[in-house]
Amino acid sequence: MKESYTVKGMFFLAMATSIDAPAVRISLPFLDVGIYYATFIIGLVTFLIATLGGLVGFMLGETTGKYANICGGFVLIGIGLKILLEQTL
């Protein structure tokens, strides 16, 4: 049986994947890098990782199911908190 997401569930997934965006938004102007270059590299890496994650998720989705969503959420929250702490301390 396929699991469907509610609007509330999708909202929290979106928040989990975007938790590190403020850290990047705050720290990027302090780096000595061109904004167009940084945008291109960030976009390219995001596209490649999202595509790879989608393919792997499609292949493993039936076997791992709900546990992969929970684990992925914790990983994203951990990465976001790590970046936030590195930038603020």
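Definitions and cut-offs
- Residues numbered from 1 in each chain as written.
- Predicted model: local features only at pLDDT ≥ 70, side-chain atom pairs only at ≥ 80, totals over all residues.
- Heavy atoms only, no water.
- Helix = DSSP H or I, 4+ residues; strand = E, 2+ residues; numbered from the N terminus.
- Rg over C-alpha atoms; globule rule 2.2 N^0.38 Å.
- Buried < 20%, exposed > 50% of the residue type's maximum accessible area, 1.4 Å probe, protein only.
- Areas by Shrake-Rupley, 256 points an atom, 1.4 Å probe, with all protein chains shown as cover.
- Lys, Arg positive; Asp, Glu negative; His and termini not counted.
- Charge placed at Lys NZ, Arg CZ, Asp CG, Glu CD.
- Patch = residues over 30% accessible without salt bridge, like charges linked within 9 Å, V, L, I, M, F, W, Y side chains within 5 Å.
- Salt bridge = Lys/Arg side-chain N within 4 Å of Asp/Glu carboxyl O.
- pLDDT = per-residue confidence, 0-100.

Visitor: Hey, could you go over the overall build of the chain for me, with residue numbers and the actual values?
Guide: Helices and strands together make up the secondary structure of the chain, namely four helices and zero strands. Reading the secondary structure of the chain in the N-to-C direction produces α-α-α-α. Taking 12 Å as the expected radius of gyration for a compact globule of 89 residues, we find that the chain reaches 16 Å, considerably beyond that expectation. Along the three orthogonal principal directions, the C-alpha set of the chain runs to about 50 × 25 × 20 Å. For the chain, with 89 residues in total, the buried portion stands at 7%. A total of about 7700 Å² of accessible surface is found on the chain, and carbon and sulfur atoms cover 76% of it. The positive charge centre, built from 5 side chains, and the negative charge centre, built from 5, are 9 Å apart in the chain.

Visitor: Lay out a nonpolar patch on the surface in plain terms, naming residues and giving numbers.
Guide: A surface patch of nonpolar side chains, about 990 Å² in accessible area, is lined by Leu31, Val33, Tyr37, Phe40, Ile41, Leu44, Val45, Phe47, Leu48 and Ile49. Within the secondary structure, Leu48 sits in helix H3 (residues 35-64).

Visitor: So what about the confidence of the model for the chain? Which residues, and what values?
Guide: Across the chain, pLDDT averages 81, with 94% of residues at or above 70. Across the chain, element-level confidence peaks in helix H4 (residues 66-88) with a mean pLDDT of 87 and bottoms out in helix H2 (residues 21-27) with 73.

Visitor: Explain the environment of Leu81 to me, and be specific about the residues and the numbers.
Guide: Relative to the elements of secondary structure, Leu81 occurs in helix H4. Between the C-alpha atom of Leu81 and that of Val24, which follows or precedes it by 57 residues, the distance is 12 Å.

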